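Residue-level structure breakdown
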Amino acid sequence: MGRRILFLGPPGGGKGTQAKLVTKALGVPHVSSGEMLREAMASGSELGKKASAYVDAGDLVPDDLVVAMVKERLCKDDALCGYVLDGFPRNVEQAEALANAMGSEGIETTVVLHVDEDQTVERLLRRADLEGRADDNEATIRHRLEVFRDETEPLIAYYGDRVLRVDGVGSIEEIFCRIVNELAS
Ligand code: ADP
């Protein structure tokens, strides 16, 4: 099994939670483009300033900004033996930029979490209460789901035979077990 893994799934699909658990189990870094962007916004950096309007509206941040940010992260020493990518690539252009930078082995396995839309909206609205993320309101959530369908879902076909499909409904532990079993098989 490779240690360069991508998590794909709709907003609210639990990919962040599962990506973190897999990261810990494998001892590789968790590279979450969304978290990196939120950190940049909180720190008030140039990148954060450029990204904030897009993130708050639930739109994708322009590819050149996100690609540069993730490429820099993947060049750090701790990512030499692998990484779990969460939220990047999010469209075919980003996937091609990653393949150009890292070679076709830049992603060895893609884990796709399947969750239906009503459930994701419910989870995100609950998270809005807990974490207070500005992009977790119902209109923005619906828009992020649309962006996922239009831009990100085509990546499932793009990664083709490197895709593992996992049922994303159940407890955190149940879903984690399914992922580990799939990764091991
Ligand atoms: P979710 O998957 O729940 O929407 P993320 O933390 O992955 O949460 O992403 C939050 C927001 O950050 C996205 O709606 C988008 O604005 C921005 N973002 C994250 N990753 C990318 C990316 N790879 N390309 C463009 N924008 C991104």
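Everything below is about the structure shown above.
Keep in mind it's a predicted model, so treat the numbers as computed, not measured. Position numbers for residues count from 1 along each chain, tracking the sequence in the order it is written. Totals for whole chains, interfaces and linings use all residues, but because this is a predicted model, local features are given only for residues with pLDDT of at least 70 and pairs of side-chain atoms are given and counted only at 80 or more. By convention in this description, side-chain values take in all heavy atoms of the structure and omit both hydrogens and water.

**Topic: the site of the ligand**
Quick reminder of the rule: For this description, a residue counts as near a given molecule or strand if any of its non-hydrogen atoms is within 4 Å of it. Here a polar contact is taken to be a pair of N or O atoms separated by no more than 3.5 Å, where protein atoms must pair a possible hydrogen donor with a possible acceptor and residues adjacent in sequence count only if both atoms sit in side chains. Using the Shrake-Rupley algorithm and a 1.4 Å probe, accessible areas are obtained, with residue cover drawn only from the displayed protein chains. To qualify as a helix, a DSSP run of H or I must reach at least 4 residues; to qualify as a strand, a run of E must reach at least 2; elements of each kind are numbered from the N terminus. By the convention adopted, Pro, Cys, Tyr, Trp, Phe, Met, Ile, Leu, Val and Ala count as nonpolar, Lys, Arg, Asp and Glu as charged, and the other residues, Gly among them, as polar.
As a structural note, the neighbourhood of the ligand is formed by 21 residues, with K15, S33, D59, G87 and Q94 the closest of them. One nitrogen or oxygen atom from the side chain of R133 is found 3.4 Å from an oxygen atom belonging to the ligand. Alone, the ligand offers 550 Å² of accessible surface; in the complex the protein occludes 97% of this. At the level of elements, α2 (33-43) and α3 (46-57) are the ones that each hand at least two residues to the shell around the ligand. Looking at the shell around the ligand, the element that brings in the most residues is α2, giving 4 residues. Partitioned by chemical class, the residues of the shell around the ligand number 8 nonpolar, 5 polar and 8 charged.

**Focus: the pairing of strand β1 (residues 4-8)**
Worth spelling out the cut-off: Per-residue accessibility, obtained with a 1.4 Å probe over protein chains only, is compared with the maximum for each type, and a residue is labelled buried under 20%, exposed over 50%, and partly exposed between these values. A pair of strands is labelled paired if DSSP reports no fewer than 2 bridges between them.
For β1, a buried count of 4 out of 5 residues is recorded, marking the element as mostly surrounded by other parts of the structure. One ladder, built from 4 bridges, connects β1 with strand β3 (residues 83-86); its direction is parallel. Looking at β3, one finds that I5 is bridged to V84. Sheet topology note: the β1/strand β4 (residues 109-114) ladder contains 4 bridges and is parallel. Note on β4: the bridge partner recorded for F7 is V111.

**Digging into the nonpolar core**
Where we set the bar: Working definition of a nonpolar core: buried Ala, Val, Leu, Ile, Met, Phe, Trp, Tyr and Cys residues. They are joined through side-chain atoms within 4.5 Å. Should any heavy atoms of two residues lie within 4.5 Å, those residues are counted as being in contact.
Counting 26 residues, the largest nonpolar core has V31, V61, V70, L74, L85, L98 and Y159 as the members making the most contacts within it. Secondary structure elements with two or more residues in this core: β1, α2, α3, α4 (63-74), β3, α5 (92-102) and α8 (154-159). A per-element tally of this core places α4 first, with 6 residues. In contact with L98, not counting residues within four places along its chain, are L74, L85, F88, P89, G103, I107 and Y159. Among the nonpolar cores identified, the runner-up in size contains 14 residues, and V22, V84, L113 and L183 belong to it.

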